[in-house]
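Geometric and topological summary
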Amino acid sequence: MDNPLYFTILSCIFFMGLVAWISWRKTRGYVDNKDGYFLAGRGLTSVFIAGSLLLTNLSAEQLIGLNGSAYGHNLSSMGWEVTAAIATIAMAFLFLPRYLAGAFTTLPQFLNDRFDSDVRRLSVLLFMLGYGLITIPSILYSGSVAVMELFDVQSISGLDYFPALFVTVIAIGATGSLYAIFGGLKAVAISDTINGIGLLIIGILVPILGLIALGDGDLGTGFNKLISEHPEKLNAIGSDTDPTPFGTLFTGMIFANLFYWCTNQYVIQRTLGAKSLAEGQKGVLFSGFFKILVPFLMMIPGVIAFHLYGPGLGTIDQAYPRLIRDVMPLYLSGFFLAVLLGAVFSSFNSLLNSAATLFALDIYAPYKGQKLDDAKLIKTAKIASLVIALFSFIVAPLLYFAEDGLWQVIRIFTGFYNIPTVVIVIIGLFTTRVPALAAKTVIIFHVTAYALLRFVFDDVITLHFLHQYAILFGIEIAIMLAIGRWKPRAQAWTFTQINPVDMTPWKFAKPLALTLFSCVIATYLTFSPLGIASQAGVSAIFIGLIIALVGANISYWFFSHLRNQ
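Residues numbered from 1 in each chain as written. Predicted model: local features only at pLDDT ≥ 70, side-chain atom pairs only at ≥ 80, totals over all residues. Heavy atoms only, no water.

Things to note about the environment of L10
Checked against the element boundaries, L10 lands in helix α1 (residues 3-27). For L10 and F335, which are 325 residues apart along the polypeptide, the C-alpha to C-alpha distance reads 9.9 Å. (Helix = DSSP H or I, 4+ residues; strand = E, 2+ residues; numbered from the N terminus.)

Structural notes on the packing of helix α8 (residues 117-151) against helix α20 (residues 436-456)
For any two helices packed against each other, one specifies the inter-axial angle together with the distance between the axes. The geometry of α8 relative to α20 is characterised by a closest axis approach of 9 Å and an angle of 25° between their N-to-C directions. Overall, the two elements α8 and α20 adopt an arrangement that is roughly parallel. α20 is crossed by α8, and the crossing has left-handed handedness. Counting all contacts with α8, which are made through D118, V119, L122 and L126, the residues of α20 involved are A436, A439, K440 and I443. Broken down by class, the residue content of the contact of α8 with α20 amounts to six nonpolar, no polar and two charged. (Axes fitted to C-alpha atoms, helices over the stretch in contact; angles between N-to-C directions. Parallel < 35°, antiparallel > 145°, perpendicular 65-115°, else oblique. Left-handed = near helix turned anticlockwise from the far one by under 90°. Contact = heavy atoms within 4.5 Å. Nonpolar A, V, L, I, M, F, W, Y, C, P; charged D, E, K, R; others polar.)

Side note on the pattern of salt bridges
Under the counting rule described, the total for this entry stands at seven salt bridges. D116 serves as the salt-bridge partner of K440, at 2.9 Å between the closest nitrogen and oxygen. Of the two residues, K440 is situated in helix α20 and D116 in the loop between α7 (107-114) and α8; the sequence distance between them amounts to 324 residues. The residue D118 makes a salt bridge to R121 at a minimum N-O spacing of 2.7 Å. A residue pair is termed a helical-turn pair when its members lie 3 or 4 positions apart in one helix, as D118 and R121 do in helix α8 at three residues. When its relative accessible area of 34% is taken as the criterion, D118 is described as partly exposed. (Salt bridge = Lys/Arg side-chain N within 4 Å of Asp/Glu carboxyl O. Buried < 20%, exposed > 50% of the residue type's maximum accessible area, 1.4 Å probe, protein only.)

A look at the side chain of T523
Along the polypeptide, T523 turns up in helix α22 (residues 509-526). At 2.6 Å, the side chain of T523 and the backbone oxygen of C519 are in polar contact. Excluding its chain neighbours within four sequence positions, the residues that come into contact with T523 are M78, V82, I292, P295 and F296. (Polar contact = N/O pair within 3.5 Å; in protein donor to acceptor, adjacent residues only side chain to side chain.)

Structural notes on unusual backbone geometry
Phi angles above zero are rare outside glycine, and D216 is one such case at about 55°. If you trace the backbone, D216 turns up in the loop between α10 (161-214) and α11 (219-228). A relative accessible area of 69% places D216 in the exposed class. Backbone geometry at N499 places phi at a positive 50°, although glycine is not the residue there. Mapped onto the fold, N499 is located in the loop between α21 (465-486) and α22. Residue classification places N499 among the partly exposed positions, given a relative accessible area of 33%.

Below is the structure:
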């Protein structure tokens, strides 16, 4: 290896070691009991919740995929990120207060309390199959491929592609497993937060360095080129031929984001460990603002790559790696590699931690049918984490041989359990007479209907899969309510409030939620033909709408301040 590679690797090891040391220092004494291991002792503050949510959601897959989409198409794919902010508002006000008041550790635990043990088992089965067979191996695989593309692991190791891939998978997976297995949720949250700071630094630096390169050394010139040449690349209002049509934002995208941010165990687990409702609401809403930054930090570099290299790159996924290799200074290469690996670790170890939590608390403990001490549960979770990790080490490299079908399989499989989960949780939280029969019926109906739509009638029914999500959501809500009217529970379900933490809402939650929602609107206005995605520049309508949004926010914050006096 030459000296630059030595420097990159050694500096990367230094930064990763620093994160590990801080995480170890902060978690000593926290993993000796059940709440400590699975929920960080119910002591997570807003900073760690927001940081962990950010890194759990963003990985190498997004870094390369979103920039590639911007390079090859436009900014329409930002819909998956920016509109997620609306789902965080729903989480802060509708879902989180119920989850925390009920002292739930897992979502299936709530479903057991609301419906019955069969619904709990079905939900655990869906989650475990999704995590173990698809999500964990695919994140490990995509992260390893990203590291190999960005840092030419084949040249460093002297191995052919597949052996190098296998070694990279093992190295990333083994390191990421240490946080989840030995440190529990608190170690995951702390390491995520530190790596999240690094990701924000890199996210700001890359567009700046790219604009300087685009402007031949001048940042202002580069920015002018970005907004004046090919402004259509900055358009987020997707047409039917774009990766994310604009209309899908108002149908299935809503429910896909509700599932991910409000009911997906590996995402919501860090919110369940909140120190208080106020801290949980702060953390969730702050994470929504991070999602607003995604198009600026993780898609604009793709547009810059288009300006620098034109449409001639081999594949769109080469845009971000090429830009990084050209603009990233050597002295930052190790730091960037550490941040990239941290993003991969975050998604991987969060999934591992949640899968082990589900196994220990929703499979093993009910199977034993007796009260187990915390040490036994933690030991079981660690063994489960190790087994799942080893299994993913085997499966992840094999995805290389089915790469063309991998992303299609992921999309299809997620569709099998995201919509019924959202439907069952919403009906479970906000009704009292709908029986367990309704939940079981919806699960069976959805799996059957979705399988027919994707595998039997896919050539006949060409409606976008996100629109199909919305239709299925409406049908399944109607099914549950109809069964609730036909065969209601003999006794109405009552929500038992345990309130293990302070349940006082954050006094600034509502005005901040309005500001967050306004930022979603403002971001779409900015990246639209009314804003900078037009050869004519920003319009008077754009300026008027932005002024109206700012005025509405100032007024609401002012009156909220007066009420809180």
